[in-house]
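# Fold and geometry: a report
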Amino acid sequence: MKKSLSFILTTAAIFLSGCAVLMGTSMKPIVLGKMLIYFRATTAKAFIATEMPEKLEIDTPFNANGKFYYKDAVQDTTLSTAAVTLHTDDFEMTFMLFSYSKASHNNPEFFPADISDSLKTLTPFAAFDSYFGTKTDEATSTIIYNSEKSYAYKCVTAKRDDGTPEEVCGASKLTDKGNILLVIMRSFAIDTNVQSKLLESINSVEFKN
């Protein structure tokens, strides 16, 4: 994986990896530094909230009365980064929120400083090309930009190490505070509409500041 992913994840000051199970409508709030995983009573869907590097909430596809897990929870105040992955046996959602300016300082080849906001939104697809690039069947598939809501998304069909296909979709949004919100979803089940789930999540984002 490109070194930008290493910059975001492995240099974290607080690294909370694991396979903690989250299940049941009576689930208690899961607090990971300044991140929270909980569920909405109105929808019974789990959501992620963070206060660092800015306050926002995003819905996930996971039902609170089902069973899912979290892993690779990261909070790094120095690099202004928050990240966590939620997953079941055949579906995975990775949430990342990080400062574009700090990413640009550390990895200018992937995150150039002197480009437009719309182009900044596109940079994660190259930086995280292990998901969207050379290991996929559709490495040149089109990135779709939603100018009304200022986010871009891309879906590809990738191959796992054993050769079986998986659907991968990612959405990237540059916030008003200059942070990149990146959501990546993967499914190992062929009947899962990953794109639909991704767009529901990215369109659910609420900024709380």
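For the structure, see preceding data.
The rules behind these values
Residues numbered from 1 in each chain as written. Predicted model: local features only at pLDDT ≥ 70, side-chain atom pairs only at ≥ 80, totals over all residues. Heavy atoms only, no water. Helix = DSSP H or I, 4+ residues; strand = E, 2+ residues; numbered from the N terminus. Buried < 20%, exposed > 50% of the residue type's maximum accessible area, 1.4 Å probe, protein only. Contact = heavy atoms within 4.5 Å. Areas by Shrake-Rupley, 256 points an atom, 1.4 Å probe, with all protein chains shown as cover. Pairing = 2+ DSSP bridges. Phe/Tyr/Trp six-rings, centres within 6.5 Å; stacked < 30°, edge-to-face > 60°. Disulfide = S-S within 2.5 Å.

Looking only at helices and strands, the protein has five helices and 14 strands in total. Expressed as a percentage of its 209 residues, the buried residues of the protein come to 50%. For the protein, the share of sequence-separated contacts (at least 6 apart) that also reach a separation of at least 24 residues comes to 54%. Total accessible area computed for the protein in this model is approximately 9900 Å², and 49% of it derives from carbon and sulfur atoms.

Let us now look at the sheet that holds strand S6 (residues 56–63). Within a sheet, neighbouring strands are paired by backbone hydrogen bonds and run either parallel or antiparallel to one another. Pairing is antiparallel in the open sheet, where five strands are placed in the order S3-S4-S5-S6-S14. If you trace the sheet from one side to the other, it starts and ends with strand S3 (30–32) and strand S14 (206–207), each paired once. Note: strand S5 (residues 45–50) against S6, five bridges, orientation antiparallel. Note on S6: the bridge partner recorded for Lys-45 is Asn-63.

Counted under the stated rule, the structure contains eight aromatic pairs. Between Phe-62 and Phe-91, the ring centres sit 5.9 Å apart and the planes meet at 65°, which makes this aromatic pair edge-to-face. Of the two residues, Phe-62 sits in strand S6 while Phe-91 sits in strand S9 (residues 91–99), which places them 29 residues apart along the sequence. Consider the rings of Tyr-100 and Phe-111, whose centres lie 5.7 Å apart with planes at 90°: the pair is edge-to-face.

Looking now at the pairing of strand S11 (residues 151–159). With respect to burial, S11 is a largely interior element, eight of its nine residues being buried. In terms of strand pairing, strand S10 (residues 144–146) meets S11 through three bridges, oriented antiparallel. Along S11, the bridge assignment pairs Tyr-145 with Ala-152. Between S10 and S11, which pair antiparallel in sequence order, lie four residues; one of them, Ser-150, sits at a positive phi of approximately 55°. In this sheet, strand S12 (residues 165–174) lies alongside S11 in antiparallel orientation, the contact comprising nine bridges. Across the sheet, the residue bridging to Tyr-153 is Ala-171, located in S12.

What follows concerns the state of the cysteines. The full count for this structure, using the stated rule, is one disulfide. Sulfur-sulfur distance for the disulfide between Cys-155 and Cys-169 comes to 2.0 Å. Here the disulfide of Cys-155 and Cys-169 is right-handed, its torsion about the S-S bond being about 115°. One end of the pair, Cys-155, is in strand S11; the other, Cys-169, is in strand S12, with 14 residues separating them in the sequence. As far as the burial class goes, Cys-155 and Cys-169 line up, both buried.

Let us look at the pairing of strand S8 (residues 81–87). The buried fraction of S8 amounts to seven of the seven residues, a majority that puts the element mostly inside the structure. The side-chain alternation of S8 yields two buried faces, one formed by Thr-81, Ala-83, Thr-85 and His-87 and the other by Ala-82, Val-84 and Leu-86. Inspection of the sheet shows strand S7 (residues 67–76) paired to S8 by six bridges, in the antiparallel sense. If you follow Tyr-70 over to S8, its bridge partner there is Leu-86. Where S8 lies against S9, seven bridges are found, and the strand directions are antiparallel. Note on S9: the bridge partner recorded for Thr-81 is Phe-98. The turn joining S8 and S9, which pair antiparallel and follow one another in sequence, is formed by three residues.

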